[in-house]
Amino acid sequence: MTKHELRREYLDRRRALTDIEVQESSLQIANKALELDIWSFSNYHVFLPIQKQKEINTEYLLHILQGKDKNIVVSKSNFEDISMSHYLLTDQTKLRINSHGIPEPDQNGIPIDEKNIDVVFVPLVIADRFGNRVGYGKGFYDRFLKKCRPDVIKIGLSMFKPIESKIDMHVNDVGLNYILYGEEVIDLG
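Rules and cut-offs
- Residues numbered from 1 in each chain as written.
- Predicted model: local features only at pLDDT ≥ 70, side-chain atom pairs only at ≥ 80, totals over all residues.
- Heavy atoms only, no water.
- Helix = DSSP H or I, 4+ residues; strand = E, 2+ residues; numbered from the N terminus.
- Rg over C-alpha atoms; globule rule 2.2 N^0.38 Å.
- Buried < 20%, exposed > 50% of the residue type's maximum accessible area, 1.4 Å probe, protein only.
- Contact = heavy atoms within 4.5 Å.
- Areas by Shrake-Rupley, 256 points an atom, 1.4 Å probe, with all protein chains shown as cover.
- Lys, Arg positive; Asp, Glu negative; His and termini not counted.
- Charge placed at Lys NZ, Arg CZ, Asp CG, Glu CD.
- Expected span 1.5 Å × (residues − 1).
- Arc of directions from axis to C-beta.
- Polar contact = N/O pair within 3.5 Å; in protein donor to acceptor, adjacent residues only side chain to side chain.
- 1 Å grid on protein atoms, 1.4 Å probe; cavity = no way out; pocket = protein on both sides within 12 Å on 5 of 7 lines; lining within 4 Å.
- Points joined across faces, edges and corners; volume = space filled by probe spheres on them.
- Pairing = 2+ DSSP bridges.
- Right-handed = clockwise from strand over helix to strand, strands pointing away.
- Salt bridge = Lys/Arg side-chain N within 4 Å of Asp/Glu carboxyl O.

So, the overall build of the protein
In terms of regular secondary structure, the protein is built from four helices and 12 strands. Relative to its length of 189 residues, the protein is compact, with a C-alpha radius of gyration of 15 Å against a globular reference of 16 Å. Judged by the C-alpha coordinates and their principal axes, the protein covers about 45 × 35 × 35 Å. Here the protein, with 189 residues, has 53% of them falling under the buried criterion. Taking the intrachain contacts of the protein between residues at least 6 apart in sequence as the baseline, contacts between residues at least 24 apart amount to 71%. Surface summary for the protein: the accessible area is close to 9,800 Å², and the carbon and sulfur share equals 48%. One way to put it: in the protein the 25 positive side-chain charges average out to a point 4 Å from where the 28 negative ones average out.

Quick word on helix α1 (residues 3-15)
With 13 residues, α1 extends 18 Å between its outermost C-alpha atoms, agreeing within 8% with the 18 Å of an ideal straight helix rising 1.5 Å per residue. Those residues of α1 that fall on the buried side of the exposure criterion are Leu6, Arg7, Tyr10, Leu11 and Arg14. What you see down the axis of α1 is that its buried residues fit within an arc of 120°, all on one side. Packed against the buried residues of α1 are β8 (126-127) and β9 (133-134).

Some points on the side chain of Asn43
Among the secondary structure elements, Asn43 is positioned in strand β1 (residues 43-46). Within the structure, the side chain of Asn43 is placed 2.7 Å from the backbone oxygen of Asn116, a separation counted as a polar contact. Contacts of Asn43, omitting those with residues within four sequence positions, involve Asn71, Asn116, Ile117, Asp118 and Val119.

Details of the layout of surface pockets
Here the largest pocket is characterised by a volume of approximately 800 Å³. Forming the walls of the largest pocket are 35 residues, and the residues nearest its centre are Tyr136, Lys138, Gly139, Phe140 and Tyr141. Contributing elements (two or more residues each) for the lining of the largest pocket: α1, β2 (71-78), β9 and α4 (140-147). A per-element tally of the lining of the largest pocket places α4 first, with five residues.

Focus on the pairing of β1
Of the two faces of β1, the one carrying Asn43 and His45 and the one carrying Tyr44 and Val46 are both buried. Relative to β2, β1 runs parallel, the two being bridged by three bridges. Within the sheet, the bridge partner assigned to His45 lies in β2 and is Val73. The parallel pair β1 and β2, bridged by helix α3 (residues 59-67), forms a crossover whose chirality is right-handed. In this structure, β1 lies alongside strand β7 (residues 119-123), joined through three bridges in parallel fashion. Residue pairing for β7: His45 is matched across the bridge by Val120.

Details of the environment of Asp128
As for its placement among the helices and strands, Asp128 is situated in the loop between β8 and β9. On the accessibility criterion, Asp128 (0% relative accessible area) is buried. Note: C-alpha distance between Asp128 and Ile163 (35 residues apart in sequence) is 4.6 Å. With residues up to four places along the chain from it excluded, the contact list for Asp128 reads Pro162, Ile163, Ser165, Lys166, Ile167 and Ile179.

A few points about the pattern of salt bridges
Per the stated rule, a full pass over the model turns up 11 salt bridges. A salt bridge links Arg15 to Asp12; the shortest N-O distance between them is 2.6 Å. A residue pair is termed a helical-turn pair when its members lie 3 or 4 positions apart in one helix, as Arg15 and Asp12 do in helix α1 at three residues. Under the relative-accessibility criterion, Arg15 is labelled partly exposed at 45%. A salt bridge links Glu104 to Arg96; its shortest N-O distance comes to 4.0 Å. The class for Glu104 is buried, based on a relative accessible area of 1%. Overall, Arg96 belongs to the partly exposed group, its relative accessible area being 43%. If you follow the salt bridges from partner to partner, you end up with Lys76, Arg96 and Glu104 in one network.

Printed below as a string of C-alpha cells:
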C-alpha cells in the first residue's frame, strides 16, 4: 500500500474508535512508556492531541513527566512554511486551539531550541516494524526532527499495531527509535 492509502485506511480506523477506546489506548501507551529507559533526560517534547482526529491523549504522559519533574516542551505550528516553534510548558502557558484543531501555546511562552530536546513523542497515523511512519503528509515532524540533535530519542505513539510490510520512505522522512502501542514496546535500536 502507498502512504496515501495507509493514511486513509488508518484514519478511517481511528475515526471508528469510541472515545472510551481512545482513552484506554492512551493510558496503556503511557504505561508502556514507563518501561523505556528514557527517564534520565531533562527535556521531553510532547504533542498535544487533535481531539477531532482521535489522536492519542497525551495527558497521561504529561502527568508522568510532571511527576518526574521533567521539562515539557510543546509546539506551535506555522502552516505557511510548514515549521514548528517550541515552548516550555509551564503553569503560566496559555493554550489555544488553532484552526486545524491543534492545541498550541501562545507566542509569549519560553522558547526552546530543538537542539535542547532529548526525547520526542511523535504522533503518527500508522508505522511499520522498521520505524517508518505515516503522518498527515505535511512533513512537520520530519522537518522538526531533522533540526534536533542526531541522538534525540524518537518515540512513535500509535493506536494500532505496526504493519509488517515496509512503508515506502521518502528521502526527507525521519525514522523512529521506538514504537509504543497498547500491547507492546518495539525497540528499533
